Number of protein chains: 2
Amino acid sequence: MASHGFWSLGGDNAGANTGSQSPSTTRAWCQAAAQKFPGGIGSKLCALLNVGEVEKPAEPTDKQPPQTEAGGTCGCNKSCNCTKAPVVFSDLYSTDLLPAMDSDAKTMTFLQEVVDILLAYIVESFDRETKVIDFHYPNELLQKNNWELQQEPATLDDILISCRATLKYAIKTAHPRYFNQLSTGLDMVGLAADWLTSTANTNMFTYEVAPVFVLLEYVTLKKMREIIGWADGRGDGIFSPGGAISNMYAMLLARFKMFPEVKEKGMSSVPRLAAFTSEHSHFSIKKGAAALGIGTESVICIKADESGKMIPADLERRILEAKQKGFVPFFVSATAGTTVYGAFDPLIAISDVCKKYNVWMHVDGAWGGSLLMSRRHRWKLDGVDRANSVTWNPHKMMSVPLQCSALLVREEGLMQNCNQMHACYLFQQDKHYDLSYDTGDKALQCGRHVDIFKLWLMWRAKGTIGFEAQIDKCLELSEYLYNKIKDREGYEMVFNGKPQHTNVCFWYLPPGIRYMEDKEERKKHLHKVAPVIKARMMEYGTTMVSYQPQGDKVNFFRMVISNPAASFEDIDFLIEEIERLGQDL
Amino acid sequence: MASHGFWSLGGDNAGANTGSQSPSTTRAWCQAAAQKFPGGIGSKLCALLNVGEVEKPAEPTDKQPPQTEAGGTCGCNKSCNCTKAPVVFSDLYSTDLLPAMDSDAKTMTFLQEVVDILLAYIVESFDRETKVIDFHYPNELLQKNNWELQQEPATLDDILISCRATLKYAIKTAHPRYFNQLSTGLDMVGLAADWLTSTANTNMFTYEVAPVFVLLEYVTLKKMREIIGWADGRGDGIFSPGGAISNMYAMLLARFKMFPEVKEKGMSSVPRLAAFTSEHSHFSIKKGAAALGIGTESVICIKADESGKMIPADLERRILEAKQKGFVPFFVSATAGTTVYGAFDPLIAISDVCKKYNVWMHVDGAWGGSLLMSRRHRWKLDGVDRANSVTWNPHKMMSVPLQCSALLVREEGLMQNCNQMHACYLFQQDKHYDLSYDTGDKALQCGRHVDIFKLWLMWRAKGTIGFEAQIDKCLELSEYLYNKIKDREGYEMVFNGKPQHTNVCFWYLPPGIRYMEDKEERKKHLHKVAPVIKARMMEYGTTMVSYQPQGDKVNFFRMVISNPAASFEDIDFLIEEIERLGQDL
């Protein structure tokens with residue numbers, strides 16, 4: 001594996017770089033690559049894309065010969081007389097890198113080598129000819145490499161091999177046919193921003209150690225609140241480690257708002273509380289209630305209609321019922337984009353109920369909040385401006401790299417009062433700058449990862465209209481899928497009507513069970529179809545989509561589209577693939 | 001700004017690349033760089049290190065001319081006839097990058113350009129001639145750049161400018177003289193691993209979407225439990241978003257262990273609980289108690305001795321007292337390495353008390369846990385193997401990039417029982433692989449960032465002995481500092497005796513107050529000294545160290561060393577700098 005330092009190391013031609021691979025494969029690959037990329041990049045890529053060929057890389061016999069001393073050519077594939085220090089990674093250790101003396105050149109060569117591996121992986125990930133996953137069962141994968149930690153250091157060559165091995169067995173989340181989660185795709189500006197964030201390696205708790213990032217968080221949260229519709233973008237908020245924690249923050253704030261004494265005195269100072277959310281809501285509401293000492297039994301599940309939306313009349317009924325039983329209703333979590341159906345609860349009607357009973361209204365828009373960026377779709381969240389708090393995860397529908405979740409709060413100062421502990425070693429009150437930027441004490445965390453820069457830089461790069469276009473396109477694709485399968489033979493939709501988000505929930509019925517008359521028997525068979533097709537998808541590595549049961553409904557596919565790389569063709573592919581893999585079942 | 005693509009773009013000589021800078025400065029820099037780096041890298045660096053020269057980068061007049069089409073030379077500074085596609089970033093937008101058609105080359109050039117900015121920043125960060133921070137007050141910094149988010153997209157040129165501006169005003173956390181937090185320094189292998197993690201862009205909740213990372217978490221947690229001393233590394237654990245959350249997990253588990261019904265029924269089903277921790281412990285214990293509905297008043301602060309260690313006799317006394325008052329003691333958090341003094345609570349004596357009263361023993365080793373890696377220092381945590389849970393943050397003393405915090409738990413299965421909610425769309429029970437690797441349901445989070453790879457890769461690169469050497473060196477440096485100032489004129493130690501961790505707490509007394517007789521007057525003056533010196537440090541940008549009051553002790557410096565780049569010379573510098581900046585006070 002040659003080194004491709006940015007000061008023009010490397011540049012072997014393909015023939016000199018076959019390593020332990022079979023020459024014919026490599027040559028074929030190189031020829032394809034040379035055609036695909038201009039200006040000598042083909043042969044470079046050819047060298048880089050060894051990534052797909054590493055097997056048991058920790059075995060010495062499989063180690064790639066350290067050819068970084070090749071020299072004599074620059075990257076242009078023409079011979080010239082560069083003089084450059086050869087770097088042989090098999091002789092180097094991490095202690096030879098910065099901050100070691102005179103290690104700048106070695107460090108940069110090493111990091112560049114890693115970047116070259118990553119760049120090759122990125123290009124490969126977007127290639128539809130590549131597998132989404134090279135799947136192995138856990139015990140197989142444990143044996144595929146030496147993953148154990150040792151007493152002794154490994155060489156940098158081994159480190160590079162470990163990087164290649166890790167990527168070889170990773171899920172290609174950027175792949176245009178990866179639909180498995182609500183967070184898919186890989187944005188190039190977001191990625192660049194995340195690399196910068198890692199390099200800056202700081203903490204969000206004070207302005208002192210994260211001046212720019214703290215300001216960018218301020219600017220971005222304000223913008224998000226404006227989009228929600230709060231006057232002048234006023235209010236508060238924080239980026240937290242994921243939607244579950246954002247939802248937990250909301251519940252914590254709601255409790256504190258109603259019973260501020262709970263902070264000092266705990267739940268024993270408070271009557272029995274009741275929280276309300278739809279039966280289709282995310283499990284984090286119950287998880288939060290368990291953690292906060294409220295208890296899962298105090299989370300009352302409100303009925304949803306056939307398409308998954310909370311029924312406001314049932315909410316009111318259950319609030320009254322809880323009050324009669326002596327509970328104090330303190331928190332309603334409406335969902336804007338449920339996890340499975342993608343349903344949007346009717347926020348205006350829910351807000352009327354919340355107002356009537358003086359209950360905190362939270363909107364869990366982890367999945368659907370991003371539709372606020374779309375003029376075409378934001379009506380689905382009408383009433384969101386009446387909420388007391390909103391969870392909105394840019395790492396889902398906006399394709400910001402993981403993690404990036406915001407909690408937005410309408411009341412200023414509440415988070416600070418709820419969570420502050422006045423640690424005097426961190427939030428000194430006699431600093432020389434405006435302390436309102438030391439936002440750390442409003443967090444549950446002490447140190448807090450910088451999640452803002454990737455969102456801010458992507459927003460800058462796309463503009464609001466760019467995010468809008470990206471979101472609208474995903475919704476178009478899901479509508480295309482819905483229209484394609486709703487009347488297609490062998491498909492049944494899980495609920496009627498056009499989905500509101502990109503979730504399309506359906507059963508695929510293989511020919512063998514399509515006309516079964518015994519309904520129970522048919523159901524039993526159908527339950528097994530999706531898991532088998534999914535397992536086959538993973539083994540072939542062609543695509544990935546999620547499935548689950550829900551209530552009395554047996555396993556069905558939940559297709560979601562948040563991947564900006566996906567196209568109409570990929571939707572067609574998915575359907576063909578499901579049919580190919582499931583026809584014999 | 002020239003592009004330095006890995007397929008050998010760029011390579012202008014210095015003269016051709018002065019941009020908007022003053023030629024004399026640039027020329028001087030280039031000459032120095034050319035001497036410092038071999039093989040043409042000097043002029044490359046010269047071009048890259050524009051990073052320090054950007055002012056108001058969003059102003060069009062200051063934009064760097066897009067010279068990426070320069071061509072005609074490879075990186076070796078010799079003319080050759082490369083043919084390569086010119087990339088003009090001022091004409092390109094994020095929509096021109098992947099997944100756009102035929103965007104591979106543009107994408108790689110763009111990412112390479114970002115990497116070049118990062119590499120230059122890294123080299124600069126380790127240079128003692130560079131400022132730790134180019135400090136600006138918040139309102140100044142807001143005006144230094146156009147940070148606002150717009151409707152319309154920005155060009156990729158603007159994005160690169162934003163990256164440079166962000167780094168220009170960032171803290172250089174890798175700088176050898178950055179001592180401000182418990183997390184300092186920048187490890188090159190850790191950084192490479194974090195770049196890879198961002199590129200893989202996945203979530204820890206299931207084996208399905210993070211096969212390698214889930215296995216590496218398993219391997220690493222097991223290794224950490226072995227080091228704690230639990231038989232065969234058995235037990236459980238998780239990487240969480242920071243020590244505060246790890247500590248909160250511990251409290252949650254302790255409560256659940258004693259009263260499993262709390263999960264469903266909440267705190268109203270449970271007697272009033274009491275938690276115990278030393279008066280020097282981290283604020284996250286109280287924060288956790290507030291969040292979990294236990295209440296801060298139920299956290300009983302145990303007296304510490306003069307050096308900051310919890311007094312076990314006082315713990316026992318307070319446990320008995322709480323029981324008498326009808327509280328149920330359920331949780332003791334001993335601190336292994338307090339935040340300010342670096343004190344290690346006596347774990348064996350504390351464990352005896354915990355055992356006697358059947359109370360969960362947690363060890364908050366966020367800061368000091370890493371000393372378990374050192375044969376010379378691990379005795380300070382003797383008794384840690386008796387704990388029920390241990391917080392250990394590799395992002396502190398082990399210099400793993402932020403964030404990387406582990407909670408280790410002795411009892412297997414407890415986390416799962418405590419936190420699981422059985423979300424059937426994520427943790428399907430009919431998957432085709434061993435479900436014990438789907439660890440997501442034991443977390444409070446749903447999606448969880450991949451924090452493991454940087455630790456695992458660093459461990460591999462250093463070996464256990466490498467971490468040990470790094471930790472031992474930091475402790476040596478702090479001993480050097482302690483010995484240097486303990487009898488030096490103008491210094492007073494905050495507590496007597498050699499510190500146990502790298503924390504060295506001291507007052508610097510400027511000559512003007514050194515012989516003040518009025519003790520109250522002297523104290524009043526002294527309280528103001530550290531904040532002023534710190535403010536001056538930041539304005540000069542030469543070094544950064546923390547200060548705070550504690551109890552009745554007025555503001556003092558808390559020097560901590562976790563930065564592997566620091567040397568004896570940097571300790572000398574710190575003392576000289578404090579004296580230089582404080583002598584007139």
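Residues numbered from 1 in each chain as written. Chains lettered and ligands numbered in written order. Predicted model: local features only at pLDDT ≥ 70, side-chain atom pairs only at ≥ 80, totals over all residues. Heavy atoms only, no water.

As annotated in an unreviewed UniProt entry, chain A carries the name Glutamate decarboxylase 2 and is attributed to Labrus bergylta. Recorded in UniProt for chain A, the comment headed Sequence similarities (unreviewed entry) runs: "Belongs to the group II decarboxylase family." UniProt's Subunit (unreviewed entry) comment on chain A is quoted here verbatim: "Homodimer." (UniProt positions renumbered as here; feature names shortened; annotations may be inferred.)

**Observations regarding the overall build of chain A**
Of the regular secondary structure elements, chain A holds 17 helices and 12 strands. Buried residues in chain A amount to 69% of all 585 residues. The contacts of chain A with a sequence gap of at least 6 include a subset with a gap of at least 24, amounting to 72%. (Helix = DSSP H or I, 4+ residues; strand = E, 2+ residues; numbered from the N terminus. Buried < 20%, exposed > 50% of the residue type's maximum accessible area, 1.4 Å probe, protein only. Contact = heavy atoms within 4.5 Å.)

**Structural notes on the confidence of the model for chain A**
For chain A, the average pLDDT comes to 88, and 85% of its residues sit at 70 or higher. Overall, residues 1-84 of chain A carries pLDDT values under 50, and its contacts beyond four positions in sequence, including any with other chains, amount to 178 contacts. (pLDDT = per-residue confidence, 0-100.)

**As for helix 17 (residues 568-582) of chain A**
Owing to its 3.6 residues per turn, the α-helix brings residues three or four apart onto one side. Given a rise of 1.5 Å per residue, 15 residues ought to cover 21 Å, and the 21 Å separating the end C-alpha atoms of helix 17 of chain A matches this to within 8%. When helix 17 of chain A is considered as a whole, its buried residues turn out to be A:D570, A:I571, A:D572, A:F573, A:L574, A:I575, A:E577, A:I578, A:L581 and A:G582. (Expected span 1.5 Å × (residues − 1).)

**Section: the packing of helix 3 (residues 104-125) of chain A against helix 6 (residues 188-200) of chain A**
Residue and element names in this part refer to chain A. The geometry of helix 3 relative to helix 6 is characterised by a closest axis approach of 13 Å and an angle of 160° between their N-to-C directions. In terms of orientation, helix 3 lies roughly antiparallel with respect to helix 6. Crossing handedness for the pair helix 3 and helix 6: right-handed. Every residue of helix 6 that contacts helix 3 at L118, L119 and I122 is listed here: M188, L191 and W195. (Axes fitted to C-alpha atoms, helices over the stretch in contact; angles between N-to-C directions. Parallel < 35°, antiparallel > 145°, perpendicular 65-115°, else oblique. Left-handed = near helix turned anticlockwise from the far one by under 90°.)

**Considering the domain arrangement of chain A**
What the domain assignment lists for chain A is domain 1 (92-119 + 136-164), domain 2 (196-462) and domain 3 (465-581). The C-alpha-based centres of domain 1 of chain A and domain 3 of chain A are spaced at 40 Å. (Domains from an automatic or database assignment.)

**What to know about the pairing of strand 6 (residues 360-365) of chain A**
Residues and elements named next belong to chain A. The buried fraction of strand 6 is high, at 6 of 6 residues. Burial of strand 6 is two-sided: the residues W360, H362 and D364 facing one way and the residues M361, V363 and G365 facing the other way are all buried. Two strands pair when backbone bridges link them, and strand 5 (residues 328-335) and strand 6 are joined in this way by 5 bridges, in the parallel orientation. Residue pairing across strands places V332 opposite M361, the latter belonging to strand 6. Two strands pair when backbone bridges link them, and strand 6 and strand 7 (residues 389-392) are joined in this way by 4 bridges, in the parallel orientation. Of the residues in strand 7, the one forming a bridge with V363 is V390. (Pairing = 2+ DSSP bridges.)

**A short note on the nonpolar core**
In terms of nonpolar packing, the biggest core is built from 324 residues, with A:F110 and B:F110 touching the most fellow members. Residues A:M248, A:L252, A:A289 and B:I245 belong to the second largest nonpolar core, which totals 64 residues. (Core = buried A, V, L, I, M, F, W, Y, C linked by side-chain atoms within 4.5 Å.)

**Section: the relation of the copies chain A and chain B**
The transformation that overlays chain A on chain B combines an axial shift of 0.0 Å with a rotation of 180°, and the residual RMSD is 0.0 Å. Viewed as a symmetry operation, the transformation between the two copies matches a two-fold axis. Judged by C-alpha distance, A:L292 is the residue of chain A that lies nearest the rotation axis, at 2.0 Å. (Least-squares fit on C-alpha atoms with pLDDT ≥ 70 in both.)

**Some details on the interface of chain A and chain B**
Many authors give the size of an interface as the accessible area that is lost as the parts come together. Across the boundary between the two partners, chain A contributes 177 residues, which contact 177 residues of chain B. Surface buried jointly by chain A and chain B totals about 15400 Å² across both partners, of which 67% is contributed by carbon and sulfur atoms. The interface formed by chain A and chain B holds 8 salt bridges in total. Salt-bridge contacts for B:K265 lead to A:E297; the nearest nitrogen and oxygen are separated by 3.0 Å. Applying the counting criterion to the chain A and chain B interface returns 76 residue pairs in polar contact (both at pLDDT 80 or more). Tallying contributions element by element places helix 3 of chain A first for the side of chain A that touches chain B, with 15 residues. Here the residues of the side of chain A that touches chain B are counted per class, giving 101 nonpolar, 47 polar and 29 charged. (Buried area = accessible area lost by both parts, 1.4 Å probe. Salt bridge = Lys/Arg side-chain N within 4 Å of Asp/Glu carboxyl O. Polar contact = N/O pair within 3.5 Å; in protein donor to acceptor, adjacent residues only side chain to side chain. Nonpolar A, V, L, I, M, F, W, Y, C, P; charged D, E, K, R; others polar.)

**Topic: the pairing of strand 4 (residues 299-302) of chain B**
Residue and element names in this part refer to chain B. Sheet topology note: the strand 3 (residues 273-278)/strand 4 ladder contains 4 bridges and is parallel. Across the sheet, S278 pairs through a bridge with I302, a residue of strand 4. Viewed along the sheet, the connection from strand 3 through helix 10 (residues 284-291) into strand 4 turns out right-handed. (Right-handed = clockwise from strand over helix to strand, strands pointing away.)

**Let's talk about the sheet that holds strand 5 of chain A**
Hydrogen bonding along the main chain pairs the strands of a sheet, whether they run parallel or antiparallel. Residue and element names in this part refer to chain A. Ordered in space as 2-8-7-6-5-3-4, the 7 strands form an open sheet in which the pairing is mixed. The open sheet has two free edges, formed respectively by strand 2 (236-240) and strand 4 (299-302), since each of these has just one partner strand. The sheet shows a mean angle of 20° between the axes of neighbouring strands, taken without regard to direction. Seen against the sheet, helix 12 (residues 347-357) touches strand 5 and strand 6 and runs at an angle of roughly 155° to strand 6.

**Focus: the side chain of B:S370**
Residue and element names in this part refer to chain B. Among the structural elements, S370 can be located in the loop between strand 6 (360-365) and strand 7 (389-392). Of the polar contacts made by the side chain of S370, one reaches the side chain of W392; its length is 3.3 Å. Contact partners of S370, with chain neighbours within four places excluded, come to W392, N393, M397, M398 and I471.

**Digging into helix 11 (residues 312-324) of chain B**
Its 13 residues give helix 11 of chain B an end-to-end C-alpha distance of 18 Å, which sits within 8% of 18 Å, the value for a rise of 1.5 Å per residue. The elements touched by buried residues of helix 11 of chain B are strand 3, strand 4, strand 5 (328-335) and helix 12 (347-357) of chain B.

**Digging into the UniProt feature "modified residue: N6-(pyridoxal phosphate)lysine" (unreviewed entry) in chain A**
Residues and elements named next belong to chain A. Under the feature "modified residue: N6-(pyridoxal phosphate)lysine" (unreviewed entry), the UniProt entry names K396. Of note, K396 is situated in the loop between strand 7 and strand 8 (405-409). Aside from chain neighbours lying at most four places away, what touches K396 is L182, S183, A366, W367 and S562.

**Focus: the environment of A:I575**
All names here are of chain A. On the secondary structure map, I575 appears in helix 17. The spatial distance from the C-alpha of I575 to the C-alpha of Y137 is 26 Å, given a sequence separation of 438 residues. If near-sequence neighbours (up to four positions away) are discounted, I575 is found in contact with L481, K484, I485, R488 and Y491.

**A word on the pattern of salt bridges**
This structure, assessed with the given rule, holds 70 salt bridges over all chains. Two residues, A:R234 and A:D232, come together in a salt bridge whose shortest N-O distance is 3.1 Å. Residue classification places A:D232 among the exposed positions, given a relative accessible area of 54%. Of the charged contacts, one joins B:K484 and B:D572 as a salt bridge, the two residues approaching to 2.6 Å between their closest N and O atoms. Here B:K484 is found in helix 14 (residues 452-485), whereas its partner B:D572 is found in helix 17 (residues 568-582), with 88 residues between them in sequence. One salt-bridge network, in which partners are shared between bridges, spans A:D314, A:R317, A:R318, A:E321 and A:K325.

**Description of the environment of B:S268**
Residues and elements named next belong to chain B. Following the sequence through the fold, S268 ends up in the loop between helix 9 (262-265) and strand 3. Placed 290 residues apart in sequence, S268 and R558 show a C-alpha to C-alpha distance of 42 Å. Here the side chain of S268 touches K265 through a polar contact of 3.4 Å, landing on its backbone oxygen.

**Digging into the sheet that holds strand 5 of chain B**
All names here are of chain B. With respect to topology, 7 strands assemble into an open sheet ordered 2-8-7-6-5-3-4, the strand pairing being mixed. With one partner strand each, in any of the chains shown, strand 2 (236-240) and strand 4 form the two edges of the open sheet. On average, each strand axis in the sheet is inclined to that of its neighbour by 20°, with strand direction left out of account. The pairing of strand 2 with strand 8 (residues 405-409) spans 5 bridges and is antiparallel.

**Let's talk about the state of the cysteines**
Cysteine pairs can be covalently joined through their sulfur atoms, and such a bond is termed a disulfide. All names here are of chain B. Using the criterion set out here, one finds 0 disulfides over all chains in the structure. Not engaged in a disulfide, the cysteine C418 finds its nearest cysteine sulfur in C446; these two sulfurs lie 17 Å apart. Here C474 stays unpaired: no disulfide links it, and the sulfur of C505, its closest cysteine neighbor, is 16 Å away. On the accessibility criterion, C474 (1% relative accessible area) is buried. (Disulfide = S-S within 2.5 Å.)

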